[in-house]
Each structure stands twice: as structure tokens, then as C-alpha cells.
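Descriptive analysis of the structure
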Amino acid sequence: MTLGNSTRSRSAAVFAEALRLMPGGVNSPARAFGGVGGTPIVFERGQGARLYDIDGNSYLDYIGSWGPMILGHGHPKVLEALHRQVDLGVSFGAPTEAENELAELIINAVPSMEKVRLVSSGTEATMSAIRLARGFTGREMIVKFAGNYHGHVDSLLVAAGSSAATLGAPNSPGVTVGTAKDTLVLQYNDVPGLEAAFAAHGTKIAGVIFEPVVGNMGCVIPTEAFLLALRNLTRAHGALLICDEVMTGFRVAYGGAQSRFDILPDLTTLGKIVGGGLPIGAYGGRADIMDHVLPAGKVFQAGTLSGNPLATAAGIATLKSLRDEPPYERLERLSERLAEGLSHAAATAEVPHTVARVGSMMTLFFNPAPVTDWSVASRCDTQRFAEFFWGLIERRVYFPCSQYEALFVSAAHTEADIEETIAAAHAALSLDD
Ligand SMILES: *Cc1c(COP(=O)(O)O)cnc(C)c1O
């Protein structure tokens, strides 16, 4: 099929230049279209649920900057907060009142968080959380799950999802054997595997880090038994449970997946939505654990731009809007309709598939088996996905450019947008396409 590059000639030209200037032409691999082939689209502007490329095409956006833009692009309250702060100053490297305000919003929203430290990315949050888990317990081993992505932290880049999964390079060169040996990788939702790991290494495990809904091998849903085992086994063996809510926080519910599923981790990591589209991350949890972080305690962690005034302004405006006018019920309805429409489109085209969804994050897997872990996810028909992706682009719908990324519905999407998307999916999947 034609990739229709003629209508994106400026994108193609800019990307050709980018290839000369940046490795792979991008500043983060998920953008490089490695999973679908062809040339990335270069954007100029976002408004509401739509993105506008530099050739003048508009697309319904289901990436939302990979999660942060739950309110859609250019939300008036976020813009107003940013404009106000720009005039006051963009960085002081000193305390501001806004840091208290964002911390308070987070602590009030997320059940397990008594104290929080702001950082500048999700990667920094997970890196700091596992350092704290090790510093607090005096142990070295960290357990993670195959296909879960926690940013590009060395010791967590073992069997990682997201673009690491797309590129088929879960173990990155540059991650030393010494670093990786303290990371134990298990299958997601595997309760006997978790029990066996604790039976064998219980006294050495500092913490278990997990995505409470996986977004980074496509959307994968945890079983109740798995969540229960995570909490009970870590508690019984004196290990910390680290819930990575960088994607799910304020996404699957205002209080994150932990409020939706009623789990109480020891530490939680956040990012994405809490910065309203600006660079941010956060980690927090039990006060007695957080008080081990410097300067209250001895576990070192710092950041020149941590709690940055622009990021906190955008984060506060976003969280307040989500708190005061909760979009979650409407997002649930729109997302349920989209999931049902995608499933129907695939069934009509007789394409083997399954759809997984929690709230406004979901994935249409080109795999007939329910995707419960990476061993199943890795058997998807990624060629079929690539054709589907380009078929949607031709119809001006921008889905994540990998089978192994979840799509997001935003509060800016309308019923009509969802119906337009379902119609596009029908056309993109039909055999005479
Ligand atoms: C995106 C993501 C990260 C990494 O966040 P960055 O801001 O990209 O460093 C970590 N964990 C999860 C679950 C994520 O989705």
C-alpha cells in the first residue's frame, strides 16, 4: 500500500535533515517509527484532540505525548498558568510555594503517598525509588517484570518494554553485567514465579517494581491474585513494593491504579500527567521511608531543575482541572466505545485480535490470545499492526507507532472523534484496503 508521503513532503525533508543531526533523527526512540517503518511525521501545533503537521495535515491524536496530555493540547487553564509563570521567572533553584501546592495535590490524591520528592522525568523517579529501596533495606536485589518499562535506568533496562521492546533490544549495550545481575526478571501476572523468587532470594530482595497496568508492552491488565501476591510477599519478606504509576497516575483514576485496584504500595513513582506536558517526575510513599532521602536522611538524590516553576505550574493546573472537573466517567464511556469499535472493526475484517483496556488506556493486539505477559505479547502480528497504523495515518488518525505502546483517549476527544476513529479503523482493516 502507498504510505502517502507525497502529502508529507516537508515532514520527510525535515526528518532527512534530522538524521544528519541526531542519532536516528530523534531525541527518543519511540518517535522513530521503528515498529512500523516509514518516516516520522513532524508536527507544528496541537489543539484539543488534534495535532497539526508541518505540511498542513491534521490528525486525531491518540498518543497525547505518550501520556501527559490527558486534558488535550493547549488546555486554557494550563496555558494561562504557564504564561503567568513565564513572566515571574522560569527557574530559581530555591524553594517556591508552588512545590508545596503540587506536593499537596499529589499526596491528597494518591492513597499511599505521605511524602513526595519532585524530579524531572519518570526515569529519574524510578532510578531514585530503587536507590531508596536499596538504601532503606540495606539489600541489593530488585525484581522487575518482563515487558514492564521503567525508563532508561541501567538496572531496569533488562527485559524492558516500550521502544526497547519494539527494537527487540531489551538488554542495551552499555548496561554492565554487574549492574544487570542485581535485577531479577519475572513474568508479569506469574504468581508461582513470584513465590519461587521470594523463596529463593527473600532476604536479598530490596524491592519489587511493577507497572500496575502495563502500558509499555501494549496495555496489559494485572490479575487480582498477582496484585495481592505482590503486596503479601514483599511485606512478608521485608522488601518494598514500588508501584510505577508514571503512566497510570491520574490516568486510570485520579488516585492512579492503586486507588482503582485498592493496592497500597510502599513507594510510588509518577511523571507524565503530573507535569501537564512539561518535564517532571515524582517519587514518594511512606514518610518513614521518604525521610531516608537527603537532606532528611542519607540516600543521595538531587536535581538542578527539580520542582521547576514551569513544570509545577503546568502540573498544578492539570491536576486541579482533573480534581475539580473529573473527566474520568466520560473517558471511561468514550474509551469503552472505542475499544468495542476497534474490536468490531477487526472482527469484521476477520483479523485475529484482542483488545485490552483500563480506563482511557488501551491496545488492539493483533494476537487472538489474551495478552497477560510478555511471552504472549511478543507473539503479536506486528506486520499487520504496521499496515493498520499506516491505514489510520492515511485517514488522519495518529495511533502509537508500535504494537507495544498503549493508546490514550483524552478529555478533549468528542463522541464524533471516536466514531470517526472507528470508521477509519474499519477502512484501515478491511481486506480490499
Ligand atoms: C514513561 C514511563 C517511564 C519513564 O518516564 P520518562 O519521563 O520518559 O523518563 C517510567 N515508567 C513508566 C511506567 C512509563 O510509562
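The model shown is predicted, which means the values in this text are computed figures rather than measured ones.

Details of helix H2 (residues 76–88)
The end-to-end C-alpha distance of H2, which contains 13 residues, comes to 19 Å, matching closely the 18 Å that a straight helix rising 1.5 Å per residue would cover. Immediately beyond the C-terminal end of H2, within one or two residues, lies Gly89, with a positive phi of roughly 130 degrees.

Remarks on the site of the ligand
In the vicinity of the ligand, the residues found are Ser121, Gly122, Thr123, Tyr149, His150, Gly151, Glu211, Asn216, Asp244, Val246, Met247 and Lys272. Note that an oxygen atom of the ligand is positioned 2.8 Å from one of the backbone N or O atoms of Gly122. Residue Asn216 places a side-chain N or O atom 3.2 Å away from an oxygen atom belonging to the ligand. Relative to its unbound accessible area of 380 Å², the ligand is 83% covered by the protein chains.

Concerning the pairing of strand S8 (residues 240–244)
Along S8, five of the five residues are buried, which leaves the element largely enclosed by surrounding structure. Here S8 shows two buried faces, one formed by Leu240, Ile242 and Asp244 and the other by Leu241 and Cys243. One crossover worth recording links strand S7 (residues 205–210) to the parallel S8 by way of helix H8 (residues 224–236), and it is right-handed. By the bridge criterion, three bridges tie S8 to strand S9 (residues 267–271) in an arrangement that is parallel. Paired with Asp244 across the bridge in S9 is Thr269. Taking the sense of rotation as the criterion, the β-α-β connection linking S8, helix H9 (residues 256–261) and S9 turns out right-handed.

Remarks on the state of the cysteines
For the structure shown, the criterion picks out zero disulfides. No disulfide involves Cys219; its nearest neighbouring cysteine sulfur is the one of Cys380, lying 12 Å away. There is no disulfide at Cys243, and the cysteine sulfur nearest it, in Cys219, is 14 Å away. Residue class for Cys243 comes out buried when judged on its relative accessible area of 0%.

Focus: the domain arrangement of the protein chain
When the domains of the protein chain are assigned, the result is domain 1 (5–62 + 327–432) and domain 2 (76–324). The distance between the C-alpha centroids of domain 1 and domain 2 comes to 26 Å. For the pair domain 1 and domain 2, the summed buried area comes to about 2,200 Å², and 63% of that belongs to carbon and sulfur atoms. Scanning the region where domain 1 abuts domain 2 turns up one salt bridge. Counting every contact that joins domain 1 to domain 2 gives eight residue pairs in polar contact (both at pLDDT 80 or more). Breaking the side of domain 1 that touches domain 2 down by element, the ones donating at least two residues are helix H12 (328–348), strand S11 (354–358), strand S12 (361–365) and helix H13 (374–377). Considering every element that reaches the side of domain 1 that touches domain 2, the biggest residue donor is S12, with four residues. Tallied by class, the residues present in the side of domain 1 that touches domain 2 amount to 16 nonpolar, nine polar and four charged.

Remarks on the environment of Leu270
With respect to the helices, strands and loops of the structure, Leu270 is situated in strand S9. Residue Leu270 is classed as buried on the basis of its relative accessible area, which comes to 1%. Every residue in contact with Leu270, bar those within four places of it in the chain, is listed here: Ile106, Val110, Met113, Gly122, Ala125, Glu245, Val246, Gly249, Phe250, Gly281 and Ala282.

Quick look at the pattern of salt bridges
With the rule as written, the count across this model stands at 18 salt bridges. Arg337 is paired through a salt bridge with Glu340; the nearest N and O atoms lie 3.1 Å apart. You can see Arg337 and its partner Glu340 sitting in helix H12, three residues apart, about one turn around the helix. Exposure remark for Arg337: the relative accessible area of 31% places this residue in the partly exposed category. Here the residues in one salt-bridge network are Arg231, Asp266, Arg286 and Asp288, joined through shared partners.

Analysis parameters
Residues numbered from 1 in each chain as written. Predicted model: local features only at pLDDT ≥ 70, side-chain atom pairs only at ≥ 80, totals over all residues. Heavy atoms only, no water. Helix = DSSP H or I, 4+ residues; strand = E, 2+ residues; numbered from the N terminus. Expected span 1.5 Å × (residues − 1). Near = heavy atom within 4 Å. Polar contact = N/O pair within 3.5 Å; in protein donor to acceptor, adjacent residues only side chain to side chain. Areas by Shrake-Rupley, 256 points an atom, 1.4 Å probe, with all protein chains shown as cover. Buried < 20%, exposed > 50% of the residue type's maximum accessible area, 1.4 Å probe, protein only. Right-handed = clockwise from strand over helix to strand, strands pointing away. Pairing = 2+ DSSP bridges. Disulfide = S-S within 2.5 Å. Domains from an automatic or database assignment. Buried area = accessible area lost by both parts, 1.4 Å probe. Salt bridge = Lys/Arg side-chain N within 4 Å of Asp/Glu carboxyl O. Nonpolar A, V, L, I, M, F, W, Y, C, P; charged D, E, K, R; others polar. Contact = heavy atoms within 4.5 Å.

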